[in-house]
Each structure stands twice: as C-alpha cells, then as structure tokens.
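Topology and contacts: notes
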Amino acid sequence: MTVSKMTWRPQYRSSKFRHVFGKAATKESCYDGVPITRSVQDNNFCAVNPRFLAVITECAGGGAFLVLSIHHTGKVDPTHPRVSGHRGNVLDIKWNPFNDYCIASCSEDTTVKVWEIPPHGVLKNLTMPWKELQGHSRRVGLIEWHPTANNILFSTAYDYQVMIWNLDCPEQVIKNPVRTISHHTDVVLSMSFNTDGSQFATTCKDRKIRLMESRSGNLLQEASCKTHKASKVLILGNLKKLITSGTSRWNERQIALWDQDDLSVPLLEENLDGSSGVLFPFYDPDTHMLYLAGKGDGNIRYYEISSEKPYIQYLTEYRSHMPQKGMGVMPKRGLDVSSCEVFRFYKLVTTKSLIEPLSMIVPRRSESYQEDIYPMTASNTPALTAEEWLSGIDKGPVLMSLKPGSQVAESLSDRKELVNSLDTRRSQSRPGMLQLSYIQDQLETKDGKQDSAHSQDDRSRMSLSNGEDLALCSPPRTENEVWNDPGVSTYRGFPVFWHFSLKDRISSHASVV
C-alpha cells in the first residue's frame, strides 16, 4: 500500500512590478496657487508633455487654460498669461503626441481650437488659435488625437456626433470634418484607440460599449451588459482586450474586462467599493500595468494585466489624504529612467489649488539603465501623414528607446536642433571638424542671405564634405602641394587636413590680406 504525501505550495507570483510604489513630489516640486476649474465634467482637466503642463482654470467670462513650463514649479503667479480664446468654459485639452508645442482644446462654445505654444512658453494671453474647427451644434466635451497619424483629431459633443478632422489644410477655420460618425444615441463619455489607430472604442450614456473602425466609422461590435454600466473605456494595447470602469447593478464601483473580438459577455467583473466618484483608468502597454484613480479619492490602485486567467492581478495601492479632481499623465519619453520611474501622474488637488507630481517607481538597487522595465516605446514621430492615413494605410507607432544617449527623434518643431546636435556629434568624432563647424556658422551669419532650408541642407552635408563632394576634391599629388595648401596645418611634424571648402579658402585668404 502506497501512501501519497500531500504537498502544499504557496501561490507566489513572479512579477517585476510587485513592489512598485508611489512617490509624491516635495512641496518645492509642486505647482502651487493654480486656480483649477470647478467644472463637473468627468474629464482629466490636465495635459502634460516633456516640455509643458496645461491645466484648465477657473475664469470669469469665456474659458481659459494655463500652460506652464514643466520646470516652472513652486508658486504660480496669479496674473500668469493664459490661453483664452474660447467664449465658453473649456472642457478638455490634449497635447499633440507628435508636436510638444501644439495643443487642442474644446469648449461649451461648440468649437475645437488648436493652439501653437511659443517655444519659451506663453508670455502674453493667447487669443488667436492656429486652427478653429466648427462643425458641432452643441458643446464639445471630448477630444482625442490619432495615435500614429499626424494632425488627425477626433472630437465628440453633446450632439451625439463623433467628427474626424484633418488639420493638414490651408484654411484657418475648418467647417467640414473628414467624416461624421452617428452611431450614438446619447452623450459619448470616453474614447480609446488601439495601438495602430485602426479601431476605437467608446462608452456612451446609453450604457452601451461600441467598437468602430476609425477611418470609415463602421460599427464592428456593440455591447450592453445589464450588470455593468460603463463610464470609461480603454483598449489594452496588443492584448486584444478592453477594460471598462463604471458601476454595478447595486451602484458599486466596478471594473470589467472584455474580449475585443467578442463583446457579448465580459470576461471578468470586479467590484471595488461603494464610493460615487468616477474611476479613471490609465494603462501602460510597456509594463502591462493598469492604474485606477477615482475622482474625489486620495488613493490610486494598480494592477497587472495578463493575457491568461486570472487576467487581472491586484498589486497594491498608493494612499494619500489629498483628493484628486483630475489627473495628467507624462508620456514615457519624459520619465526619469535613472530612478526607475515607470509612470508619472500630475494630481489636481482643488482644495489646495495644487498640482502634485506623483511618480510610480520600481525599486532597484542598481543605478544603471534597466532594460527589462523599459522596452521600446512609442516615440513622438508620426508613422503616417494625414493624407496617407485617409488613403487607407494603417501603421503601428514608431518606436524609440528610453536609454540615455540613444538616438531619439525630436518633435517636428525641433528638427533644426536635431540637425545641429548631429553636426556637433560628428564634428567631435574627427579632428578639426569642430573648429570647421564654428567657421562655417560664422560665415553663414555674416552672409544672412541663405534661407533656413538651404543652410540646414549645407550644414547636414558639412560634416562629410562641407558642401562639396569628396569625389570631386582631388588629393594633392606632390609634397609641395600638401605644404602649400591653406587648409593644412601641422601637428608634431605631421600634416593635418582641415578639409576647407573653396568658400572657406577664399574667406581665409581675404582675412589674411
């Protein structure tokens, strides 16, 4: 007779993010004295990128929002200039993901406006937008940029319409959207795109979840669950799943997980608590972490999402005594990788007129770059132009590495700075090229007649041949030609070639004379 021994094994779950913790910024690193809006709209009221922080503010007459430099911490001047071109309250703001100096806003005045922020910030009140979109008949409550196509903007209003706008047109006032989607029978509460932007999901006040094609607006699926009333929705990257937050039949706050290919029944429903504030979900596709922040709550719960059961694994929560009205989220390219920061919130604390940065950190002993928690992530370079996307092309996002010193594509408005930095890097890799770059810059400054495009083209070629094809520059044939060349000097008795162009030689001879 054999006796089988019963073994007990604890269900330990291996995860790199089990011990993620929230670290609030110090008082000096917060934004104090910000007149945060008292609007009851269930939006975030805050938008962040690596350069600027924008927040909707309370104002008398019309609507306005504040744009601060991301490093402008401490006490905010009450008379700080604002973006104040709307005639009604501003309800939502979103930064262009491919241009850190471009922001869109929507308002109760039925318009959507797109603004260009000066490189040094807002130094005087901005009232004239770059583009004005007129098409909705009632107040516009929500806007979203397309995740991979440049200058494509989605807006939805209290007229139950979702409109698609192409900003790549010469008109300053655009009255005709590219497409109008009319599947909703009530107010749209939230909107979320998949990774390549080919599909988007919405939640509506009619209790239905809809999945649609982004370009054509065709309705792919529609779900209505009696046990779950969804208010916010997120498409979970490439996991082919949706997460919704809302309330249960008994008015308990609840989250539900859905299969993107079958929205008939949720895969999972989980009740959280009996509070009444709306739950804002935030998802990080790089770490597969889900954050839940309730309006009026002081805590933030976070979970890890997997493609297999049990799908959602609770990690822990960050607790604070200061309630949040809205949350801004920093893009991944703006995080501090040296401190293993994987997510950063900007909490709007209305009771103290305060914006508090909150970093989610993975505890690591090593101070080196942690590649396992920073995979390739979406960059600020568009994968498509607006025309390409409208013609029927879909592409995933252009990826970048967060490793310090890696090649990072700058935003569209920073291409000139990128060319200059590349020139400097190349110059340092070859003897004498740094001085050559300085001489070339001085000559271009004195001339002042070349347009910027031509000068950038010359400077981009300068590091190789200084504007001339090396194949056309014949090498010296005799020793006398070497020593008589004005572009040659000596170092420890050996000739050093400076590769002066003909223009440089003439100017150098002229300066000697």
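Residues numbered from 1 in each chain as written. Predicted model: local features only at pLDDT ≥ 70, side-chain atom pairs only at ≥ 80, totals over all residues. Heavy atoms only, no water.

1. Let's talk about the nonpolar core
Let me state the cut-off plainly: Here, nonpolar core refers to any group of buried Ala, Val, Leu, Ile, Met, Phe, Trp, Tyr and Cys residues whose side-chain atoms link them within 4.5 Å. Three exposure classes are used, based on accessible area relative to the maximum for each residue type with a 1.4 Å probe and protein chains only: buried under 20%, partly exposed in between, and exposed over 50%. Helix and strand assignments follow DSSP, with helices taken as H or I runs no shorter than four residues and strands as E runs no shorter than two, numbered in order from the N terminus.
Counting residues in each nonpolar core, the largest one holds 33 residues, and the members touching the most others are Y31, L53, F65, V67, I117 and Y346. In terms of residues, this core owes the most to one element, strand β4 (residues 52-57), which gives 5 residues. Y302, M327, V362 and L402 belong to the second-largest nonpolar core, a separate cluster that totals 25 residues.

2. A short note on the sheet that holds strand β22 (residues 241-248)
This is how it is decided: For two strands to pair, DSSP has to find at least two bridges joining them. All axes here are fitted lines through C-alpha atoms, helices being fitted over the stretch that makes contact, and every angle between N-to-C directions spans 0 to 180 degrees.
With antiparallel pairing, the 4 strands of this open sheet are ordered in space as β21-β22-β23-β24. Taken across any chain shown, the strands that pair with only one partner, and hence form the sheet edges, are β21 (228-235) and β24 (268-273). Sheet twist, expressed as the mean angle between neighbouring strand axes with direction ignored, is 25°. Pairing between β22 and strand β23 (residues 253-259): 7 bridges, direction antiparallel. Bridge pairing in β23 links T247 to R253.

3. Overview of the environment of A54
Defined as follows: For this analysis, residues touch if any pair of their heavy atoms sits within 4.5 Å.
Here A54 is to be found in strand β4. Measuring from C-alpha to C-alpha, the distance between A54 and L66 comes to 5.4 Å, with 12 residues separating the pair along the chain. Setting aside anything within four residues of it in sequence, one finds A54 in contact with F45, C46, A47, F65, L66, V67, I93, W95 and I103.

4. Some thoughts on the pairing of strand β14 (residues 162-166)
Of all the 5 residues making up β14, 5 are buried; the element is thus mostly covered by neighbouring parts of the structure. Because side chains alternate across β14, one face comprises the buried residues V162, I164 and N166, and the other comprises M163 and W165, equally buried. When strand β13 (residues 152-157) meets β14, the two strands line up antiparallel, connected through 5 bridges. Considered in β14, the bridge of I152 is made with N166.

5. A short note on the confidence of the model for the protein chain
Where we set the bar: Confidence scores labelled pLDDT are given residue by residue by the predictor and lie between 0 and 100.
In this model, the protein chain carries a mean pLDDT of 82, and residues with pLDDT of at least 70 account for 77%. Per-residue pLDDT stays below 50 along residues 1-12; that stretch engages in 0 contacts with residues further than four places along the chain or on separate chains. With pLDDT under 50 throughout, residues 486-513 is counted as low confidence; its partners more than four residues away or in other chains account for 46 contacts.

6. Describing the packing of aromatic side chains
Stated precisely, the cut-off is as follows: A pair of aromatic rings is counted whenever rings of Phe, Tyr or Trp (Trp by its six-membered ring) have centres within 6.5 Å, and the orientation is called stacked for planes under 30 degrees apart, edge-to-face for over 60 and tilted otherwise.
Scanning the model with the defined rule gives 15 aromatic pairs in all. For the pair Y31 and Y346, a centre-to-centre distance of 6.4 Å together with 45° between the ring planes defines the contact as tilted. Taken as a pair, Y31 in strand β2 (residues 31-32) and Y346 in strand β30 (residues 341-349) lie far apart in primary sequence, 315 residues in all. Of the residues examined, Y31 reaches a relative accessible area of 1% and is grouped as buried.

7. Some remarks on the side chain of H136
Under the convention used in this document: In protein, a polar contact requires one atom able to donate a hydrogen and another able to accept it; more generally it is a pair of N or O atoms within 3.5 Å, and residues adjacent in sequence count only if both atoms are side-chain atoms.
Here H136 lies in the loop between β11 (131-134) and β12 (140-145). Relative accessible area serves as the criterion here: at 7%, H136 is assigned to the buried category. Among the polar contacts made by the side chain of H136, one reaches the side chain of S155 at a distance of 2.8 Å. A distance of 3.2 Å separates polar atoms of two side chains, one belonging to H136 and the other to D159.

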